[in-house]
Structures are given as structure tokens and as C-alpha cells.
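An overview of the molecular structure
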Amino acid sequence: LGMLIVGSATLLMRRSRRRIQRLNEELVAAKELAEQRREEIERESALLQASYEREHKIAETLQDSLILPVTKQIGDFVFDTAYQAALDEARVGGDFYDVFRMNDDKLGIVIGDVSGKGLKAAIQVAAIKYAIRGRAYDSPSPGVVMGQVNRTLLRDLDDESFITVFLGVLDGVNRTLTYVNAGHSPVVLCKEAASNTSLLGPTGLPVGVLDDATYVERMVELQ
């Protein structure tokens, strides 16, 4: 009986040692695998960070080339700009503005915002900014221009993208501002008296929403 007990105990100890050795080998292998995965994750994270920084730099450079100080004076009109992003991480985004001469008497004024941030938004800013210029050179009507721009860009925008934009045509002879507001925040018109202000609100949908969207023109007289 004693020999049987000793033999059984010895057998159990050998099995236990083998099991402990196997578990230890599995633990070592798991640690090695975890270390490999950690290194892979760190490499992937570094690549993603580098890719993000590269895209951010490209977008920042592109947007800086699009958001420039406008011409200080055209005819009797003096212009100035001020741009401040709400958050530093939102500085590279879809905000844009423009002032350009359409002919001897008329100037185009543009203020807008593309949905989204980063490189994609900056590219769309370039697309609509120069699409508006190209159409406005051929037509003095902001409603016609915005309708053409909408139909053109709608084919290139994805389902989740849209653009809000204010387009005004400033007539230097008649001193009027004819405008359309494609879903943009109301533009503030300040007259001579500090309390004499008005809001030039939306007159149509944002660009990129409906193919047959129409933009109602409105006109205000300037002092």
C-alpha cells in the first residue's frame, strides 16, 4: 500500500511538473506574441501619425494659399479681412472668402464654408472658389452663377458633403449689392449708424443638396 501511494504521488508530481512546464512555455510564447503585437501596433501608430501630419501639412498649405488677404481697395471700395478658427484643430477646414473684379463696374464678394475638415475640405474649397469665379466672369447674376455652380459641383460631391456660400455682386455705379445666400450664416450689413444693421439671410439651399435648387436674388442699397 505504501509503495502504491508513493508511486501514485510520484506519477502525479511528474504530471504536474509537465503541466507546469507546458503552461510556462505557453506563457512565454504569449508574452513573445504580445511583444510582437506591441511592436507592430507602435509601427502602425507611427505610420498613421506620420500620414496624418503629412495630410494636415498639405491641407494647411493648400488652405493658406486659398485664404489670403484680399485686395485692399477696388475703385471706391476698401476691403479688409479677419479670420479666426473656433478651435486650433479646426484651423484647417472648409472656410473661404474671396473678392474679385467682374468688370469695370461690378465686384464679386464670396464668403463660404465647406462641410468637413482637412485635405478633402481644402480641395473642395479650391473647386468652388474658382468655379464661382469662372461662372461670375460670364454672368452678372449671382442667382444664375450659384445655380450653375451647384449643378457642376453636385456631381463631384459625395452624399455627405455640402457647401454654404454667400455670393454678392457689388455695383459701384448704382451702389447696390445683389446677392444670394446658399444656406450660409446670415451676413451682417452695417450702415452708417451703429444701430442700423440688417441680416442678409439664406435665399436658397446649400450647394450640393439638390440638382434643381434655385437661388433667389435680393438687392440692398448701399450708402
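Structural data are supplied above this passage.
Notes on the structure follow. (Residues numbered from 1 in each chain as written. Predicted model: local features only at pLDDT ≥ 70, side-chain atom pairs only at ≥ 80, totals over all residues. Heavy atoms only, no water.)

Our next topic: the overall build of the protein chain. Helix and strand counts for the protein chain stand at three helices and nine strands. Along its sequence from the N terminus, the protein chain presents helices and strands in the succession α-β-β-β-β-α-α-β-β-β-β-β. The 223 residues of the protein chain split such that 35% are buried. Put simply, 61% of the contacts in the protein chain that link residues at least 6 apart link residues at least 24 apart. As displayed, the protein chain has an accessible area near 14200 Å², and 55% of this comes from carbon and sulfur atoms. (Helix = DSSP H or I, 4+ residues; strand = E, 2+ residues; numbered from the N terminus. Buried < 20%, exposed > 50% of the residue type's maximum accessible area, 1.4 Å probe, protein only. Contact = heavy atoms within 4.5 Å. Areas by Shrake-Rupley, 256 points an atom, 1.4 Å probe, with all protein chains shown as cover.)

Turning our eyes to something else, we now look at the layout of surface pockets. Over the atoms, a rolling probe the size of a water molecule traces out where space has been left empty. If you add up the space inside the largest pocket, you get close to 700 Å³. Phe-79, Asp-80, Ile-109, Ile-111 and Val-187 are, among the 31 residues lining the largest pocket, the residues nearest its centre. Those elements that provide at least two residues to the lining of the largest pocket are strand S2 (77–78), strand S3 (93–101), strand S4 (106–117), strand S5 (163–171) and strand S7 (187–190). By residue number, the principal contributor to the lining of the largest pocket is S3, which donates five residues. (1 Å grid on protein atoms, 1.4 Å probe; cavity = no way out; pocket = protein on both sides within 12 Å on 5 of 7 lines; lining within 4 Å. Points joined across faces, edges and corners; volume = space filled by probe spheres on them.)

What follows deals with unusual backbone geometry. A positive phi angle, close to 55°, is found at Arg-175, a residue other than glycine. Residue position: Arg-175 is located in the loop between S5 and strand S6 (176–182). Among the residues examined, Arg-175 registers a relative accessible area of 32% and is labelled partly exposed.

Below, the discussion takes up the nonpolar core. Among the nonpolar cores identified, the biggest contains 25 residues, and Phe-96, Ile-128, Ile-132, Met-146, Ile-163, Val-165 and Val-207 are the most heavily contacted of them. Elements that contribute at least two residues to this core include exactly S3, S4, helix H2 (118–136), helix H3 (142–154), S5 and S6. It is H2 that provides the largest number of residues to this core, a total of six residues. Phe-77, Leu-177, Tyr-179 and Leu-200 belong to the second-largest nonpolar core, a separate cluster that totals 16 residues. (Core = buried A, V, L, I, M, F, W, Y, C linked by side-chain atoms within 4.5 Å.)

Time to look at the packing of aromatic side chains. If you walk through the whole model with that rule in mind, you get two aromatic pairs. Taking the centre distance of 5.8 Å and the plane angle of 80° together, the rings of Phe-100 and Tyr-137 count as edge-to-face. Taken together, the positions of Phe-100 in strand S3 and Tyr-137 in the loop between H2 and H3 put the pair 37 residues apart, joining distant regions of the chain. Among the residues examined, Phe-100 registers a relative accessible area of 3% and is labelled buried. Between Phe-166 and Tyr-179, the aromatic rings sit 5.4 Å apart at their centres with planes inclined by 25°, giving stacked as the arrangement. (Phe/Tyr/Trp six-rings, centres within 6.5 Å; stacked < 30°, edge-to-face > 60°.)

Strand residues, when the strand is regular, have side chains that alternate between the two faces of the sheet. The alternating pattern of S7 places Val-187 and Leu-189 on a buried face, while none of Val-188 and Cys-190, on the opposite face, is buried. Relative to strand S8 (residues 197–200), S7 is paired through four bridges, and the arrangement is antiparallel. Residue pairing in the sheet places Cys-190 in a bridge with Thr-197 of S8. (Pairing = 2+ DSSP bridges.)

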